[in-house]
Amino acid sequence: MLNLSVEKILLNIKDNNWREIMEVSFTDMELQIWSIHWTAMTALVLSLAVMLFAVWVGFRLSNGIYNSGESNIVAKIAVTVFNLCVAWFLLFWWAYMEWHTNGVANAFAELKATGTSISPNAQMHLDAGDPAAPLSILPDLVQGLFLGSILIIQLAQTWMTKK
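These figures come from a predicted structure and were not determined experimentally. (Residues numbered from 1 in each chain as written. Predicted model: local features only at pLDDT ≥ 70, side-chain atom pairs only at ≥ 80, totals over all residues. Heavy atoms only, no water.)

(A) The overall build of the protein chain, seen in detail. If you tally the helices and strands in the protein chain, you get six helices and zero strands. Taken over 163 residues, the protein chain has a buried fraction of 26%. Counting contacts in the protein chain only where the partners sit at least 6 residues apart, residues at least 24 apart contribute 77% of the total. (Helix = DSSP H or I, 4+ residues; strand = E, 2+ residues; numbered from the N terminus. Buried < 20%, exposed > 50% of the residue type's maximum accessible area, 1.4 Å probe, protein only. Contact = heavy atoms within 4.5 Å.)

Structure follows, in structure tokens:
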């Protein structure tokens, strides 16, 4: 971050030159953007672990209904609602992940627009993102196929009878 010696700080305090002490370089600003980005990514990884656990629970519940010949309609509806809620949460997880990544790209675009040079990694992040994209829960093709296959397996086990 700021690399100020104690002597320089004391001289600036003595001369009432606070502006030099408080000035943050744009390199520091890029580091702050990266720091916020990786903090948010850590939270997103933890929430992904919870989502994957919920998908696993959904598979276990639907498999339990499929293997039990005595499941009633209330249990089938409850498991269906659970699995659809998990799918909805996954859609929002993917949407937030993309929105956050695009927001970081926008922060780098704003930093670059001020005439500040940004690092090659920040430039790659900017090139790969869509800084102006709004939040959208519409999945891309692979995400849609993955989530669709999960739901088909879970709902087929829930509603089909075992022969």
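After that view, the rundown keeps rolling.
(B) Highlighting the packing of helix H4 (residues 73-113) against helix H6 (residues 141-159). Running from amino to carboxyl end, H4 crosses H6 at an angle of 170 degrees, the nearest separation of the two axes being 10 Å. Considering their axes alone, H4 and H6 lie roughly antiparallel with respect to each other. Of the residues in H6, those touching H4 at Ile73, Lys76, Ile77, Val79, Thr80, Asn83, Leu84, Ala87, Leu90, Leu91 and Trp94 are Gln143, Phe146, Leu147, Leu151, Gln154, Leu155, Thr158 and Trp159. (Axes fitted to C-alpha atoms, helices over the stretch in contact; angles between N-to-C directions. Parallel < 35°, antiparallel > 145°, perpendicular 65-115°, else oblique.)

(C) Examining the side chain of His125 more closely. With respect to the element layout, His125 can be found in helix H5 (residues 120-128). Classification of His125 by relative accessible area gives buried; the value is 14%. Each residue touching His125, except ones within four places of it in the same chain, is listed here: Trp34, His37, Thr101, Val104, Ala105 and Phe108.

(D) Representation of the nonpolar core within the structure. Counting 14 residues, the largest nonpolar core has Val55, Leu90, Trp94 and Leu147 as its most contacted members. At the level of secondary structure, the elements contributing two or more residues to this core comprise helix H3 (26-67), H4 and H6. The element best represented in this core is H4, accounting for six residues. In this structure, Ala105, Phe108, Leu111 and Ile118 belong to the second largest nonpolar core, which totals nine residues. (Core = buried A, V, L, I, M, F, W, Y, C linked by side-chain atoms within 4.5 Å.)

(E) Fine view of the packing of aromatic side chains. On inspection of all chains with the given rule, the structure shows four aromatic pairs. Taken together, a centroid distance of 4.9 Å and an interplanar angle of 50 degrees make the contact between Trp34 and Phe108 tilted. Here Trp34 is found in helix H3, whereas its partner Phe108 is found in helix H4, with 74 residues between them in sequence. Residues Trp34 and Phe108 agree in their burial class; the two are buried. Judged by centre distance (5.0 Å) and plane angle (70 degrees), the ring pair of Trp88 and Phe92 falls under edge-to-face. Here Trp88 and its partner Phe92 are both found in helix H4, four residues apart, which amounts to about one turn of the helix. (Phe/Tyr/Trp six-rings, centres within 6.5 Å; stacked < 30°, edge-to-face > 60°.)

(F) Here's a closer look at H5. Buried within H5 are the following residues: Ala122, His125 and Leu126. Each buried residue of H5 lies within a common arc of 100 degrees when the element is viewed along its axis, so the set occupies one face. Opposite its buried face, H5 presents the exposed residues Pro120, Met124, Asp127 and Ala128, each directed more than 90 degrees away. (Arc of directions from axis to C-beta.)

(G) Representation of the environment of Val79 in the model. Looking at where Val79 falls in the secondary structure, it is placed in helix H4. Take Val79: its relative accessible area is 7%, and that puts it in the buried class. Here Val79 is in contact with Leu61, Ser62, Ile65 and Thr158, once residues within four sequence places are set aside.

(H) Quick peek at the environment of Gly69. For Gly69, the position within the fold is in the loop between H3 and H4. In this structure Gly69 comes out as exposed when scored by relative accessible area, which is 81%. Separated by 93 residues in the primary sequence, Gly69 and Lys162 place their C-alpha atoms 7.4 Å from one another.

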